[in-house]
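Here are the chains, one letter per residue:
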Amino acid sequence: MASLANIKTSSFLVLICFIIFSLHTTTTEACHRTDRIALLDFRSKFTLDPAELFKTWNQSTDCCIKWEGVACDSSGRVVNLSRSGIFSPILDDPAFMVGTISPSLGKLKFLRLLDLNNLKRLTGTIPPELGKLSNLTTLNLNANQLKGSIPASFQNLRKLNKLYLNDNLLSGTVPTNIFQHMSSLTEINLSENQLSGGIPSSIDKLVSLKSLELHHNNFSGSIPSTIGNLKNLVYLILSNNQISGYIPSSISKLKFLNSIYLSNNKLTGSIPALIGNTALQILILDNNMLSGDLPKSFGNLANLLGLVATNNRLTGKIPSNFNNLKNLQNFVISRNGLSGQIPSGVINLPDLVEFIVSHNKLTGKIPPHKKAFPASFFEGNSGLCDSPLPPCKTT
């Protein structure tokens, strides 16, 4: 009987050991071998890590459980990789890493999020292999020193929702068909690079797009006439490029549009009526070659906060129905060829902070106004007089 009891006890202990071993195996070896190798190769491409962003990336531990910035699904496949720049309380400086992006990241075929933003000294080119990440929804590589062109292979990222490549040293043209199959894309930021050529025609396929930021590049050519297809667009920021031609009338179809920034380009022609842009709050058009009148239809933009069209070739009068813009704070149209008198209802809008109409061809007496605007807001109009300019001459 004692022997039988010993056998049962031994069997029970073996079972317990097997269970413990199994648990140990499934929790500390969860990371898939292919993904682990890819991550280690990615780590090897960094030569300096003063903020210790890779401190927990120990070869003896599991990458799904112990490695900071790595998240896996239930099958041990890496789905999130995030090693973005942070502020270190030890260094009292922005965290950074010195290195390049390993092509091996293209083997993380279950990856959904890749965030390597703000590392500041991440250099080299963007590997075309990243185009193999068919499950990727967010790609954030902004605020680095990446150079070269945007890989044409990115057209395969059909599930991409957010693309941030801004504030790098990227150059060359953006592949024409890159956005052909990205119907889920909601945000694009390619600003503050050295990109050139035209805005890709495939951009009109981005029916879910809410934010398009291409400012501070060398884009040329015209704004695609099909931009009106971007029915969900909220922010259009194309300033500081070499864009020419007309502002497409189709932009008036974008009823959710909140902000338009087109300053410092080479745009010509008249300003569209923007009849359908009832949500518009910001319209920045300065330093172009726009001509014609200020559209009277702007008087219906009840949510407008700022209208800036300095240094263009605008003519005609300031529409009196602009007095309907009760939320307007900034009205800046200096250095144009506007004529006629200043409407009393416009200069007395309740929230107006800036009313800058200097260097035009305005005439007559400046209407009495409650705000203390400086004379510089009105100078350069030889036919304009009264406070804050010198009094009108009496005959």
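Described in the following lines is the structure provided in the data block. These numbers come from a predicted model, not from an experiment.

About the thresholds
Residues numbered from 1 in each chain as written. Predicted model: local features only at pLDDT ≥ 70, side-chain atom pairs only at ≥ 80, totals over all residues. Heavy atoms only, no water. Salt bridge = Lys/Arg side-chain N within 4 Å of Asp/Glu carboxyl O. Helix = DSSP H or I, 4+ residues; strand = E, 2+ residues; numbered from the N terminus. Buried < 20%, exposed > 50% of the residue type's maximum accessible area, 1.4 Å probe, protein only. Pairing = 2+ DSSP bridges. Axes fitted to C-alpha atoms, helices over the stretch in contact; angles between N-to-C directions.

**Brief notes about the pattern of salt bridges**
Evaluation of the coordinates by the stated rule reveals 3 salt bridges. Across the pair Asp 35 and Arg 77 runs a salt bridge whose closest N-O atoms are separated by 3.1 Å. Placement of the pair is Asp 35 in helix α2 (residues 33–44) and Arg 77 in the loop between β2 (70–72) and β3 (78–82), with a sequence separation of 42 residues. Residue Asp 35 is classed as buried on the basis of its relative accessible area, which comes to 0%. Across the pair Asp 41 and Lys 45 runs a salt bridge, and its minimum N-O distance is 3.1 Å.

**Looking at the environment of Pro 151**
Mapped onto the fold, Pro 151 is located in the loop between β10 (147–148) and β11 (162–164). Note on Pro 151: relative accessible area 8%, which makes it buried. For the pair Pro 151 and Ile 126, spaced 25 residues apart in sequence, the C-alpha separation works out to 7.1 Å.

**Details of the sheet that holds strand β8 (residues 120–123)**
The strands making up a sheet are joined through hydrogen bonds of the backbone, oriented either antiparallel or parallel. The 3 strands lie next to each other as β1-β6-β8, forming an open sheet whose pairing is mixed. Two strands lie at the open edges of the sheet, namely β1 (46–48) and β8, each paired on one side alone. Recorded for the sheet is a direction-independent mean angle of 20 degrees between the axes of neighbouring strands. As defined by bridge partners, β1 adjoins strand β6 (residues 97–100) across 2 bridges and the pair is classed as antiparallel. Within the sheet, the bridge partner assigned to Phe 46 lies in β6 and is Gly 99.

Everything listed here is a matter of geometry and, on its own, says nothing about what the molecule does.
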